[in-house]
Amino acid sequence: MTDIVNHWIGGKTVEGASGTYGPVTDPATGAVTTKVAFASVEEVDAAVAAARAAFASWGRSSLAQRTQILFRFRALLDAHRDEIAALITAEHGKVHSDALGEVARGLEIVDLACGINVQLKGELSTEVAGRVDVAAIRQPLGVVAGITPFNFPAMVPMWMFPLAIACGNTFVLKPSEKDPSASVRLAELLSEAGLPDGVFNVVHGDKVAVDRLLEHPDVKAVSFVGSTPIARHVHLTASAHGKRVQALGGAKNHMLVLPDADLDAAADAAVSAAYGSAGERCMAISAVVAVGSIGDELVEKIRERAEKIKIGPGNDPASEMGPLITRAHRDKVASYVRNAAAEGCEVVLDGTGFTVDGHEDGHWIGISLLDRVPTTAKAYQDEIFGPVLCVLRAGTYEEGVALINASPFGNGTAIFTRDGGAARRFQLEVEAGMVGVNVPIPVPVGYHSFGGWKDSLFGDHHIYGNDGTRFYTRGKVVTTRWPDPADAPAGVDLGFPRNH
Ligand code: NAD
């Protein structure tokens, strides 16, 4: 076992004092490789106090200073891509190339934050009335918190903190306790880039740490990404404590395949989007809706491709898909597949029982493909978050869209078609926050915001992009009159001010 993963508070490592720890496991071997300190209420308070103290000067720092630090952080992140990806693979299990992709997408938000001076430009209206000007500016909130899931231990924190600190806030991150090391490495790189102590802090832990952040009077806003039940809890609790909240939840993303689609392209896309990262992506495609008579042919094309996926340890360059995060999660995913036939599904591929030679204790599961899945099946209704793809059949485009819109989730969705008119109609009619047209995982670029609808997002701001800057700042409007020395005194007027 290596060193304990500790907190990062006030610009340095702070050893956990609560006496409570969680195990960190290598999913490919099942071995506990280290343990992570869980913060007590007092330790969370110490992190918030450090962030609050740092806000006094960081909140007033120049945009030039902030962007110079962010540019240096960007260069360090770029230089350490491989190292961070290796940390992710060791604790999450995803294959190294996928982990590199995660770092690259996080870096896009750092790119955006490096240009914060453009985003924070205010507005000025001159001469709105005699000698009166009006300026609109945006200012930071203070201490803001981020609570993040296991499946993107570097990218999702980077959806939040680069913009938050670029806007002048200070930040307390509570990363997933399952793969905590990448967040600490990011903290070290921020410090190396010259970020003042206390501007970025990391506390590890579970519900105790999260709930304290949600209730702490000095935390002004909370960004959360995770499962729907916890997102709902975070939204309700933090809102009840007067905070601004964006809470992104789980998903069940559908891909609608129309009869005119290029079925090879659609099958490639379905397999990549369903089984990449072992299905542990909030934008994974977990349901394909085949329209008209193409179902059998499409399922066969998906099966041919899915059977060839090479499953193995994430640090083996030959592996295309790694293990699941924990043994308990693997067993839960397997239970959906085992119950599928009894629920009326046709089991085309059954990945349960799969293992990798020499790594028998890893959290392995193979590829599962379920066809003719009824909407009543648990495998369809729940977010499985594993390598299980459900195929449903719909008679018409309308039936397919109605099926998608009946889902309680609305994160991402995709349509595969050669018909521009149908694609355009889909964009307008489908109830989801992110739509792909012949693109299976339509994760927006850094300068467009990311977020779902319905049970996939609680709050009214999407994350990053312009929404990120708005979320992490509040508006102020300044009305100014500089009278000319020659002006006569205005005199007393108790009427409501009118512009003329
Ligand atoms: P999770 O909800 O279990 O955990 C997320 C965070 O909440 C972690 O930091 C965890 O420590 C904390 N937490 C867990 N239980 C808690 C409780 N009872 N009270 C307070 N805090 C608690 O999610 P996960 O399993 O780490 O991640 C997978 C989920 O995240 C999936 O549902 C996935 O769809 C979702 N996700 C969504 C997006 C998105 O953009 N919508 C992105 C990535 C992941």
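Residues numbered from 1 in each chain as written. Predicted model: local features only at pLDDT ≥ 70, side-chain atom pairs only at ≥ 80, totals over all residues. Heavy atoms only, no water.

J.: Please clarify how the pattern of salt bridges should be interpreted in this entry.
T.: Note on pairing: side chains with opposite charge can pair once their charged atoms come close. Summed over all chains, the structure comprises 27 salt bridges. When the shortest N-O distance is used, the salt bridge between Arg105 and Glu108 registers 3.3 Å. Of this pair, Arg105 and Glu108 both sit in helix α4 (residues 96-114), 3 residues apart, which is roughly one turn of that helix. Using a relative accessible area of 27% as the deciding quantity, one classes Arg105 as partly exposed. Across the salt bridge formed by Glu177 and Lys174, the nearest N and O atoms sit 3.4 Å from each other. For Lys174, a relative accessible area of 3% gives the class buried. When salt bridges with common partners are traced through the structure, they connect Asp296, Glu346, Asp371, Arg372 and Arg393 into a single cluster. (Salt bridge = Lys/Arg side-chain N within 4 Å of Asp/Glu carboxyl O. Helix = DSSP H or I, 4+ residues; strand = E, 2+ residues; numbered from the N terminus. Buried < 20%, exposed > 50% of the residue type's maximum accessible area, 1.4 Å probe, protein only.)

J.: Help me understand the site of the ligand in this model?
T.: Around the ligand, a shell composed of 26 residues is seen, among which Lys174, Glu177, Ser227, Gly249 and Glu383 lie nearest. For the ligand, an oxygen atom lies 3.0 Å from a polar atom in the backbone of Phe150. Between an oxygen atom of the ligand and a side-chain N or O atom of Lys174, the distance comes to 2.8 Å. The fraction of the free accessible surface of the ligand (830 Å²) that becomes covered by protein chains is 88%. The set of elements that each furnish at least two residues to the shell around the ligand consists of α8 (207-215) and β10 (219-225). Among the residues forming the shell around the ligand, the class breakdown is 13 nonpolar, 9 polar and 4 charged. Split by domain, the residues of the shell around the ligand number at least three in each of domain 1 (3-249 + 456-478) and domain 2 (253-437). (Near = heavy atom within 4 Å. Polar contact = N/O pair within 3.5 Å; in protein donor to acceptor, adjacent residues only side chain to side chain. Areas by Shrake-Rupley, 256 points an atom, 1.4 Å probe, with all protein chains shown as cover. Nonpolar A, V, L, I, M, F, W, Y, C, P; charged D, E, K, R; others polar. Domains from an automatic or database assignment.)

J.: So what exactly am I meant to see when it comes to the packing of aromatic side chains here?
T.: In this description, an aromatic ring pair is defined by two values, namely the gap between the centres and the angle between the planes. One pass over the structure, following the stated rule, counts 9 aromatic pairs. Ring geometry for Trp159 against Phe450: centres 4.3 Å apart, planes inclined by 40°, an arrangement best described as tilted. With Trp159 in helix α6 (residues 155-166) and Phe450 in the loop between β19 (434-437) and β20 (453-454), the pair connects residues that are 291 residues apart, well separated along the chain. Taking relative accessible area as the criterion, Trp159 reaches 2% and is therefore assigned buried. Just above the ring of Tyr21 sits the side chain of Lys35; from NZ or CZ to the centre is 4.1 Å. (Phe/Tyr/Trp six-rings, centres within 6.5 Å; stacked < 30°, edge-to-face > 60°. Lys NZ or Arg CZ within 6 Å of the ring centre and 35° of its normal.)

J.: Whenever I open this one, the packing of α8 against helix α9 (residues 228-240) confuses me. Can you help?
T.: To describe two helices that pack against each other, one gives the angle between their axes and the distance between the axes. Contact geometry of α8 with α9 gives a least axis separation of 8 Å together with a crossing angle of 40°. Listed contacts from α9 to Lys207, Asp211, Leu214 and Glu215 of α8 are His233, Val234, Thr237 and Ala238. Split into classes, the residues belonging to the contact of α8 with α9 amount to 3 nonpolar, 2 polar and 3 charged. (Axes fitted to C-alpha atoms, helices over the stretch in contact; angles between N-to-C directions. Contact = heavy atoms within 4.5 Å.)

J.: Just to check I follow, could you spell out the domain arrangement of the protein for this structure?
T.: As a measure of interface size, the accessible area lost when the parts come together is often cited. Examined at the domain level, the protein breaks down into domain 1 (3-249 + 456-478) and domain 2 (253-437). If you average the C-alpha positions of domain 1 and of domain 2, the two centres end up 31 Å apart. At the junction of the two partners, domain 1 supplies 20 residues and domain 2 supplies 25 residues. Across the domain 1 to domain 2 interface the summed buried area is about 1700 Å²; carbon plus sulfur atoms make up 61%. On the domain 1 side of the interface with domain 2, the three residues burying the most area are Ala28, Val95 and Ser456, jointly 28% of the side's total. The tally of links between domain 1 and domain 2 comes to 1 salt bridge. The partner of Asp98 in a salt bridge is Arg281, and the shortest N-O contact between them spans 2.9 Å. (Buried area = accessible area lost by both parts, 1.4 Å probe.)

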